[in-house]
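Summary of the model geometry
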Amino acid sequence: MKRIKSYLFILVILFNYPVDSFGQNDTIRLNNFCELALKYSEVNRDSAIYYADIAFSIAEKLHQKFYQASILSDLGYTLLSNGDYGTALTKLLVANKLIEDKNIAKDIIITPFFSKYFTSNDPTINRIILLGYIKNSLAMLYGRTENFDKQLSELKEAKTIIETETTDLNLSYTINNNIANAYINMGKLDSALFFQQIVLSIESKIENKNYGGASNKAIGDILFRKGYFDNAKINYLTALKLLEKNKNTFYIALTQFALADTYRKLGKVDSALYYSKAGIANYRSLGSYVPEMEEAYTALALSFKDENKYDSAFYYLQLSKKLSDSINDKEIKTLTNFQNVGFREQMRLKEAEAERIKTKNRTQVLLLLTGLLLFSIIAFILYKSNKMKVKTNLALKDKNDEIEKTVAELKTTQVSLAARNAENELLLKEIHHRVKNNLEVVSSLLALQSAQIDDPSVQSAMLASQNRVHSMGIIHQKLYQGENLAAIEMRDYFIHLSDNILDSFNAEGHIKVECDMPKLILDVDTAISVGLITNELLTNSLKYAFNEKENGAIKISLTEQDPTGNNEGAYLLKISDDGIGKPINEKTTGTGFGTQLVNLLTKQLDGKLTYEINNGTIVSLIFKKPKSVRA
């Protein structure tokens, strides 16, 4: 019946909005698919996951990060319930990362779905409540995978946040109750009892009557485990009174069975029987199959058996048999024969005692003979073992001598290889040094040639070529000066490159270049391409961005992007200035060689170049990590 109602609800949602509205209004679509995901979570989890994925893509399109976090939280809980712990953990961790943004709920779109589940008008409170639910789900996942320390850590963090920044008693009740359960799983019953008493104090403040009595029942369970049966009984009776007042039949039956177990431990069979029957009657009123009924009857039968009341034991065992055919046939046969144990049992015990004495005597003789035999066998084994040990020691000595010889040869080879490696490093540094010197010669030749030319456009082209040559020369200089002969630290490189370009344009006094980036290392090939692109973009900024300004600033940054989805990692190069700004579609001035070079190098890096005009020009280049770095 519950499933039919869910399907009717989904049909109402679909018919209340025209089909074409799903394509026209993303806000309506977001609301509808959130509702569908929630409703299907009760009847078909696969469908719930499907609709949640659609809702997430719409929220992502609308830049609604709060919805994204909320959907991922529900999706993670559904996957957790489905047993897909790996995917659930991924979703919940992403949701946890999103919700760390304190402004996530500021510009949220208010939909009927949102209003139903987030009643506060304060975005900060809504963010904290969602954070609490995410951490509670993460804790459940860690508990399912028996990582109880992490489970407890997440729950305690959630408890601190919820109780210091909100007044949400329902969520506080849930988190404290789960902390108590975590301590039970860890076997720390005193700590579990402490937190369950906190839950009890919260329960008295919650208007929802369904909570009434549940905490007393949980406290009783803990006391029962600790062996405090009288105290457990008091809590069970209190819980039963509250539950009967609220007419919570399911928990009433559970509490009655717990009372039956407690009275059985206290030796009060009549009371145990009374509460077992009451619990069974309540379960029957729910119309469900109840394994606890079988357990109650079986436990009573065994209790009567321990007191030698075999008629009653057999009677209750028969009642349990009527509920399930899983009762052991041997146990039924044994209880049936309990009525005839009298004389036959006494005779059997006497015969058994006589046989036991006779067997004991035979056993002593047998043990003596066995001991002598074992002593002979052990002596023989020790003799053979000692002989084998001597032989093995000789073989080991020969092996050790051979290993020592091999180690000596390896050490000699290692020293030789180290010397050869040092020689190769020296040669490689010398090569980089010579390449750098040759590039300096080329740069000097270009400077001399430029001095003989009067045409400003040719001089500009010669200067650009000098800077390109120098950008490569700096790389080879850093290689032979540094310890790593195959990679470049880019922040230091950018600083030296910008100083050289500022000097070539005589702009050191009024243009400032900032390198706001962490230390980052690139391989030589990638560094050369990035260096040439940076050289071109810096040159363009100095040429065109500050024609109408005396002072200005240029910012350079190169950062590593976090891998997401199928993205295996990338770098983002960003160069911005606060100049006059260049329209994106403006026709290129000059020869256009610099632009062609930048485009060619971008393609070589398998990257994407974008321009943005915002208080100046911002040029962004995102390119994939080289395969050697990804590996």
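Residues numbered from 1 in each chain as written. Predicted model: local features only at pLDDT ≥ 70, side-chain atom pairs only at ≥ 80, totals over all residues. Heavy atoms only, no water.

Digging into the overall build of the protein
Along its length, the protein carries 24 helices and seven strands. Burial status across the protein gives 40% buried among its 631 residues. Excluding contacts between residues fewer than 6 apart, the proportion of contacts in the protein whose partners are at least 24 apart in sequence is 61%. Counting only carbon and sulfur atoms, one obtains 54% of the accessible surface of the protein, whose full area is about 37700 Å². (Helix = DSSP H or I, 4+ residues; strand = E, 2+ residues; numbered from the N terminus. Buried < 20%, exposed > 50% of the residue type's maximum accessible area, 1.4 Å probe, protein only. Contact = heavy atoms within 4.5 Å. Areas by Shrake-Rupley, 256 points an atom, 1.4 Å probe, with all protein chains shown as cover.)

Some thoughts on the sheet that holds strand S5 (residues 570–577)
The five strands lie next to each other as S2-S4-S5-S7-S6, forming an open sheet whose pairing is mixed. Bordering the open sheet on either side are strand S2 (511–515) and strand S6 (607–613), each of which pairs with just one other strand. Direction aside, neighbouring strands of the sheet carry axes that sit 10° apart on average. The pairing of S2 with strand S4 (residues 552–561) spans five bridges and is parallel. Across the sheet, valine 513 pairs through a bridge with isoleucine 554, a residue of S4. Packed on one face of the sheet, helix H23 (residues 593–604) meets S6 and strand S7 (617–624) and runs near 135° to S6. (Pairing = 2+ DSSP bridges. Axes fitted to C-alpha atoms, helices over the stretch in contact; angles between N-to-C directions.)

Re the confidence of the model for the protein
Put simply, the protein has an average pLDDT of 77, and 78% of its residues get 70 or more. For the stretch residues 1–24, pLDDT sits under 50, and the model shows 23 contacts to residues farther than four places along the chain or on other chains. pLDDT under 50 marks residues 326–346. Its contacts with residues more than four places away, or in other chains, come to 23 contacts. (pLDDT = per-residue confidence, 0-100.)

Side note on the environment of leucine 141
Checked against the element boundaries, leucine 141 lands in helix H8 (residues 123–144). Taking the C-alpha atoms as reference points, leucine 141 and glutamine 151, separated by 10 residues in sequence, lie 7.7 Å from one another.

A short note on a nonpolar patch on the surface
Together, Leu373, Leu374, Ile377, Ile378, Phe380, Ile381 and Leu382 make up a nonpolar patch on the protein surface, roughly 700 Å² of accessible area in all. Mapping isoleucine 378 onto the fold places it in helix H19 (residues 342–451). (Patch = residues over 30% accessible without salt bridge, like charges linked within 9 Å, V, L, I, M, F, W, Y side chains within 5 Å. Salt bridge = Lys/Arg side-chain N within 4 Å of Asp/Glu carboxyl O.)

Concerning unusual backbone geometry
Note on backbone geometry: most residues besides glycine have negative phi, and most peptide bonds are trans. Of note in the backbone geometry, glutamate 146 takes a positive phi value of approximately 60° without being a glycine. Tracing the backbone shows glutamate 146 in the loop between H8 and helix H9 (148–165).

Focus: the environment of isoleucine 58
Among the structural elements, isoleucine 58 can be located in helix H4 (residues 45–61). Accessibility expressed as a relative area gives 3% for isoleucine 58, which makes it buried. For the pair isoleucine 58 and arginine 29, spaced 29 residues apart in sequence, the C-alpha to C-alpha distance is 7.7 Å.

Considerations on the environment of isoleucine 175
Tracing the chain through its elements places isoleucine 175 in helix H10 (residues 169–185). A sequence separation of 42 residues divides isoleucine 175 from tyrosine 133, and the C-alpha atoms of the two residues are 8.9 Å apart. Setting aside its immediate chain neighbours within four residues, isoleucine 175 contacts Gly132, Asn136, Leu155, Ala158, Lys159 and Ile162.

Observations regarding H9
Along its 18 residues, H9 runs 26 Å from first to last C-alpha, staying within 8% of the 26 Å computed at 1.5 Å per residue. Residues of H9 that are buried: Gln151, Leu152, Glu154, Leu155, Ala158, Lys159, Ile161 and Ile162. Buried residues in H9 make contact with H8, H10 and helix H11 (189–203). (Expected span 1.5 Å × (residues − 1).)

Considering the pattern of salt bridges
Under the counting rule described, the total for this entry stands at 12 salt bridges. Where aspartate 190 meets lysine 226, a salt bridge forms, and the shortest distance between an N and an O atom there is 2.5 Å. Residue aspartate 190 is located in helix H11, and its partner lysine 226 is located in helix H12 (residues 214–226); the two are separated by 36 residues in the primary sequence. Overall, aspartate 190 belongs to the exposed group, its relative accessible area being 54%. Here glutamate 514 and lysine 512 are joined by a salt bridge, their closest N and O atoms 3.9 Å apart.

Quick look at the nonpolar core
Core analysis: the biggest nonpolar cluster contains 74 residues, and Phe66, Tyr67, Ile71 and Ile99 have the highest contact counts within it. Setting aside its immediate chain neighbours within four residues, isoleucine 71 contacts Leu30, Cys34, Ala52, Ala55, Phe56 and Ala59. Membership of the second largest hydrophobic core comes to 40 residues, among which are Met517, Leu538, Ile556 and Val598. (Core = buried A, V, L, I, M, F, W, Y, C linked by side-chain atoms within 4.5 Å.)

A few points about the packing of aromatic side chains
As enumerated under the stated definition, the model contains nine aromatic pairs in all. When the centroid spacing of 5.7 Å and the interplanar angle of 20° are considered together, the rings of tyrosine 183 and phenylalanine 195 count as stacked. Pair noted here: tyrosine 183 is in helix H10 and phenylalanine 195 is in helix H11, with a separation of 12 residues, a long-range link. Judged on exposure class, the residue tyrosine 183 and its partner phenylalanine 195 are both buried. (Phe/Tyr/Trp six-rings, centres within 6.5 Å; stacked < 30°, edge-to-face > 60°.)

Here's the deal with the packing of H11 against H12
It is the contact of H11 with H12, at a shortest axis distance of 9 Å, that shows an interaxial angle of 165°. As judged from the angle between their axes, H11 and H12 are roughly antiparallel. H12 is crossed by H11, and the crossing has left-handed handedness. Of the residues in H12, those touching H11 at Leu189, Asp190, Ala192, Leu193, Gln196, Gln197, Val199, Leu200 and Glu203 are Ala214, Ser215, Asn216, Ala218, Ile219, Ile222, Leu223, Arg225 and Lys226. Considered class by class, the residues forming the contact of H11 with H12 number 10 nonpolar, four polar and four charged. (Parallel < 35°, antiparallel > 145°, perpendicular 65-115°, else oblique. Left-handed = near helix turned anticlockwise from the far one by under 90°. Nonpolar A, V, L, I, M, F, W, Y, C, P; charged D, E, K, R; others polar.)

Description of H8
With 22 residues, H8 extends 32 Å from end C-alpha to end C-alpha; this agrees with the ideal 32 Å at 1.5 Å per step. Of all 22 residues in H8, 16 are buried, a share of seventy percent or more. With its phi angle positive at about 60°, glutamate 146 sits one or two positions after the end of H8.

Remarks on the pairing of S6
By the bridge criterion, seven bridges tie S6 to S7 in an arrangement that is antiparallel. Note on S7: the bridge partner recorded for glutamate 612 is isoleucine 618. Adjacent in sequence and paired antiparallel, S6 and S7 are bridged by three residues, among which asparagine 615 carries a positive phi angle near 55°.

Considerations on the pairing of S4
For S4 and S5, the ladder comprises eight bridges, and the chain directions are antiparallel. Pairing of isoleucine 554 across the sheet is with aspartate 577, part of S5.

A few points about the side chain of glutamate 154
Locating glutamate 154 in the fold gives a position in helix H9. Residue classification places glutamate 154 among the buried residues on the basis of a relative accessible area of 14%. Residues contacting glutamate 154, with those up to four places away along its chain left out, are Lys135, Leu138, Ala139 and Tyr142.

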